Amino acid sequence: MLQNEVPQDNSKLFEGGKKAMYAVNESGEYIIEQSSGWEVEEFATNTAVEEFNLLTDEAKQRYLSGAASPIEYLMYKNRMDLPTLASIVKMFSWRIKRHFKPSNFDSLGEKILLKYADAFGVSVENLKNFRIDN
Amino acid sequence: MNFQHRHAAHCESGVVSSMLTHHGLPMSEAMAFGLSGGITFAYIPFVKVANMPLIAYRMPPKKIISGISKKTGVKFAGEKFKNEQDAQKRLDELLNSGKIVGLQTSVFYLPYFPQDMRFHFNAHNIIAYGKENGEYLISDPVFDQPMRSDEAGLAKARFAKGVFEPRGFLYYPTFIPDSFDIQKAITKSIKRTVRMMLKTPIPIIGIKGMKYLAKKIAALDVKNARYAKNFLAHVIRMQEEIGTGGGGFRFMYAAFLKEAASLHPKSYILLEASNLMTDAGDKFREFALLCAKACKNIETADLNLISQALNNAAEAEAEAYKKLSSLF
């Protein structure tokens, strides 16, 4: 990549920041050039963010219809997937999956609820009487 | 304190080079990355990240720190903590004694991180170099400017849970040699890298790993549009988004080879290899561009074309390693 090929696509994701890229200047030396982002990279990051938003929405519908507990919704809302949440709360994925079921969730003890509450940055009280704000 | 923030492409190589430079052993980021043998390629289908296979263009976290220690004789002290209070107390102590301190953090909780760049990655390296009015002064290598963080935010980032759990991990150099045999270090680390990239017997590592991924891409089921699109976007992210300096670290490695050429008797080999590596980086970028184009119209995408682009990049990179083989 030549210095004048370093993309300057003003990626919104950077919120005004710049990223360092390696490029070759006119005299053939490697330099660090600041980039305001690359369209291709912005697209890829947005795709990942949108996928989480979509998963959150799907889980929200399941929660609102009574088919799922708030755990699944909060998991995706916090940009976690099942393995990530499992590693954070130190439980097996299959166990967490069971807690997606409202009847199982309702019978959870304080200790387990506290683990989830910590992972999602909410209080146990909020988790018990969960409401989707928006 | 007289600490100079330096903008780098990657967090760990940025922190290590900044620290060594601060302590009187000047080193570029590319040199830290190359000497520690930071480059690799791995496509690990049975390890999933956000439902996607693990694709790595560089060695696992902490490899740059350990690699540099081995090659240069620098020694680091590292400390982990049971709770946030102890971790903060120790950090404050070290800062008060005039040290700059490396910290392992999660990008999801760092207060200054842009919203849409936040994912659960717990091995992000930063330097704390002071404290002012209850705020930490942070040199985060991947940001162009120095940053600040409040105590609570930094504590959260240092105690994120999950894979690569930091547990408040902090580190600082305890011994810096005045000099080291850089020619020997260059040859040794390149030898390791070449062997890994060309000769690893497992087909998911090195050049073979790239070709394996290329095959997987050609075989993607475009009828499952959501997965296919997410898969290709995931490949781009690992290659271009995650602080690689472009072309999945290939340009940074080319910069290392060029710098190495000015310090090594076989400079002509290193210069040629650097140019070949730049060519590989360019081909990786072409590949990323094709992936992004395909995502926009995934049902009619020509996956063979994308697969071929990755094979081209793999071939180009293999040429660079073959050239480097004549170093030893």
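Peer 1: For the nonpolar core, give the residues involved together with the corresponding values.
Peer 2: B:Ile190, B:Leu232 and B:Phe287 are the most contacted members of the largest nonpolar core, which has 103 residues in total. When residues in this core are grouped by element, the largest group, 12 residues, is from helix H10 (residues 267-296) of chain B. In contact with B:Ile190, not counting residues within four places along its chain, are B:Tyr253, B:Phe256, B:Leu257, B:Leu270, B:Leu324, B:Leu327 and B:Phe328. Core analysis: the next-biggest nonpolar cluster, separate from the first, contains 33 residues, A:Phe52, A:Tyr76, A:Phe105 and A:Phe120 among them.

Peer 1: Residues and numbers for the packing of helix H3 (residues 82-89) of chain A against helix H6 (residues 110-120) of chain A, please.
Peer 2: Residues and elements named next belong to chain A. At a minimum axis separation of 10 Å, H3 and H6 run at an interaxial angle of 115°. Where H3 crosses over H6, the two elements pack in a sense that is right-handed. Here Leu85, Ile88 and Val89 of H3 come into contact with H6, specifically with Lys115, Tyr116, Ala119 and Phe120. Here the residues of the contact of H3 with H6 sort into 6 nonpolar, no polar and 1 charged.

Peer 1: Residue-level account of the pairing of strand S8 (residues 170-175) of chain B, with values.
Peer 2: Residue and element names in this part refer to chain B. Taken together, the 5 bridges between strand S3 (residues 75-79) and S8 define a ladder with antiparallel strand orientation. Bridging across to S8, Phe76 finds its partner in Pro173. As paired elements, strand S4 (residues 101-105) and S8 share 2 bridges and run antiparallel to each other. Residue pairing for S8: Gly102 is matched across the bridge by Tyr171.

Peer 1: I'd like a rundown of the sheet that holds S4(B), residues and numbers included.
Peer 2: By definition, the strands of a sheet pair up through backbone hydrogen bonds, in either a parallel or an antiparallel sense. Residues and elements named next belong to chain B. Spatially, S3-S8-S4-S5-S6-S7 is the arrangement adopted by the 6 strands of the open sheet, whose pairing is antiparallel. Two strands bound the open sheet, and with one partner strand each, they are S3 and strand S7 (147-150). Between one strand and the next, the sheet's axes are offset by a mean angle of 40°, whatever the strand orientation.

Peer 1: Requested: an account of a positive patch on the surface, with residues and values cited.
Peer 2: Residue and element names in this part refer to chain B. A surface patch of positive charge is lined by Lys70, Lys184, Lys188, Lys191, Arg192, Arg195 and Lys199. A total of 6 residues in the positive patch trace back to one element, the largest contributor, which is helix H6 (residues 182-199). For Arg192, the position within the fold is in helix H6. Under the relative-accessibility criterion, Arg192 is labelled exposed at 53%.

Criteria and cut-off values
Residues numbered from 1 in each chain as written. Chains lettered and ligands numbered in written order. Predicted model: local features only at pLDDT ≥ 70, side-chain atom pairs only at ≥ 80, totals over all residues. Heavy atoms only, no water. Core = buried A, V, L, I, M, F, W, Y, C linked by side-chain atoms within 4.5 Å. Buried < 20%, exposed > 50% of the residue type's maximum accessible area, 1.4 Å probe, protein only. Helix = DSSP H or I, 4+ residues; strand = E, 2+ residues; numbered from the N terminus. Contact = heavy atoms within 4.5 Å. Axes fitted to C-alpha atoms, helices over the stretch in contact; angles between N-to-C directions. Left-handed = near helix turned anticlockwise from the far one by under 90°. Nonpolar A, V, L, I, M, F, W, Y, C, P; charged D, E, K, R; others polar. Pairing = 2+ DSSP bridges. Patch = residues over 30% accessible without salt bridge, like charges linked within 9 Å, V, L, I, M, F, W, Y side chains within 5 Å. Areas by Shrake-Rupley, 256 points an atom, 1.4 Å probe, with all protein chains shown as cover. Salt bridge = Lys/Arg side-chain N within 4 Å of Asp/Glu carboxyl O. Lys, Arg positive; Asp, Glu negative; His and termini not counted. Charge placed at Lys NZ, Arg CZ, Asp CG, Glu CD.

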